[in-house]
Amino acid sequence: MSKITCLEDAFIHELSDIHSAEKQLTRALPKLARAASNADLADAFMAHTDETQGQVERLDQIVESMGLKLRRVKCLAMEGLIEEGHDTVEAIEKGPVRDAMLIVGSQKVEHYEIAAYGSLITIAQSLGYDEAVKLLKETLAEEKTTDEKLNKLALKKVNAEAMEHSREMA
Ligand code: FE
Ligand code: FE
Ligand code: FE
């Protein structure tokens, strides 16, 4: 990790980390969509793929408008969460139980993002980076909406399908 000696450095470091995380997600989310069997869940993953591309653009917009330079940071936490998603796909056959576990994994992803954007917004507010605050808040709202959408999908559809599936198997 390159040196962080002031809050401005911390802002750039965290901006670089979440940029890395979002880039990784633009590649991982379409794979999750293909791995899902519930059509609404697959649609939710595809819709969030588009949103995630927009989120990368927002981060690029912050970098450009502030004349910043992103650091070489790989978000290892996101790499790990995505790896766990691959494990889920390998370990569980396509169907409602896998879908339930894909929701678990993707909610962990959304919660990481909510934490990352939340603290990044606080740092930006402290530094008086008003335009960045505005853009980061737009993305934070999308992450929260996605998390709620996944909660509803689990509660109203996927978990019931998974329970039905295990009864059929018994
Ligand atoms: Fe995101
Ligand atoms: Fe990270
Ligand atoms: Fe997200």
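Reading the values: rules and limits
- Residues numbered from 1 in each chain as written.
- Chains lettered and ligands numbered in written order.
- Predicted model: local features only at pLDDT ≥ 70, side-chain atom pairs only at ≥ 80, totals over all residues.
- Heavy atoms only, no water.
- Donors = N, O, S within 2.8 Å, 3.2 Å for Na, K, Ca; no water.
- Helix = DSSP H or I, 4+ residues; strand = E, 2+ residues; numbered from the N terminus.
- Buried < 20%, exposed > 50% of the residue type's maximum accessible area, 1.4 Å probe, protein only.
- Axes fitted to C-alpha atoms, helices over the stretch in contact; angles between N-to-C directions.
- Parallel < 35°, antiparallel > 145°, perpendicular 65-115°, else oblique.
- Left-handed = near helix turned anticlockwise from the far one by under 90°.
- Contact = heavy atoms within 4.5 Å.
- Nonpolar A, V, L, I, M, F, W, Y, C, P; charged D, E, K, R; others polar.
- Patch = residues over 30% accessible without salt bridge, like charges linked within 9 Å, V, L, I, M, F, W, Y side chains within 5 Å.
- Areas by Shrake-Rupley, 256 points an atom, 1.4 Å probe, with all protein chains shown as cover.
- Salt bridge = Lys/Arg side-chain N within 4 Å of Asp/Glu carboxyl O.
- Lys, Arg positive; Asp, Glu negative; His and termini not counted.
- Charge placed at Lys NZ, Arg CZ, Asp CG, Glu CD.

## Observations regarding the coordination of the iron ion (ligand 1)
Within the protein, E22 (OE), E22 (OE), Q55 (OE1), E113 (OE) and E143 (OE) serve as the donor atoms for the iron ion (ligand 1), at 2.1 to 2.3 Å. All donor residues of the iron ion (ligand 1) come from one chain, and their arrangement in sequence is E-x32-Q-x57-E-x29-E. Distance-wise, the iron ion (ligand 3) is placed 3.2 Å from the iron ion (ligand 1), both being coordinated by E113. Of this pair, E22 sits in helix α1 (residues 7-35) while E143 sits in helix α5 (residues 130-169), and the two are 121 residues apart along the sequence. Accessibility expressed as a relative area gives 0% for E22, which makes it buried.

## Quick look at the packing of helix α2 (residues 39-65) against helix α4 (residues 96-127)
The contact between α2 and α4 brings their axes to 13 Å, and the two run at 20°. As judged from the angle between their axes, α2 and α4 are roughly parallel. The chirality of how α2 crosses α4 is left-handed. Between α2 and α4, the contacting residues are L41, F45, H48, Q55 and L59 on the first element and D99, L102, I103, S106, E110, E113 and Y117 on the second. Across the contact of α2 with α4, the residue classes tally to 6 nonpolar, 3 polar and 3 charged.

## Observations regarding the packing of α1 against helix α3 (residues 76-91)
Two elements in contact, α1 and α3, have axes whose closest approach is 10 Å; the angle formed by their N-to-C orientations is 10°. The orientation of α1 relative to α3 falls into the category roughly parallel. On the side of α1, the interface is formed by A21, Q24, L25, A28, K31 and A35, while α3 contributes M78, E79, I82, H86 and V89. For the contact of α1 with α3, a count of residues per class yields 7 nonpolar, 2 polar and 2 charged.

## Let's talk about a negative patch on the surface
Residues E83, E84, D87 and E90 make up a contiguous surface patch of negative charge. Among the secondary structure elements, E90 is positioned in helix α3. Its relative accessible area of 73% is what places E90 among the exposed residues.

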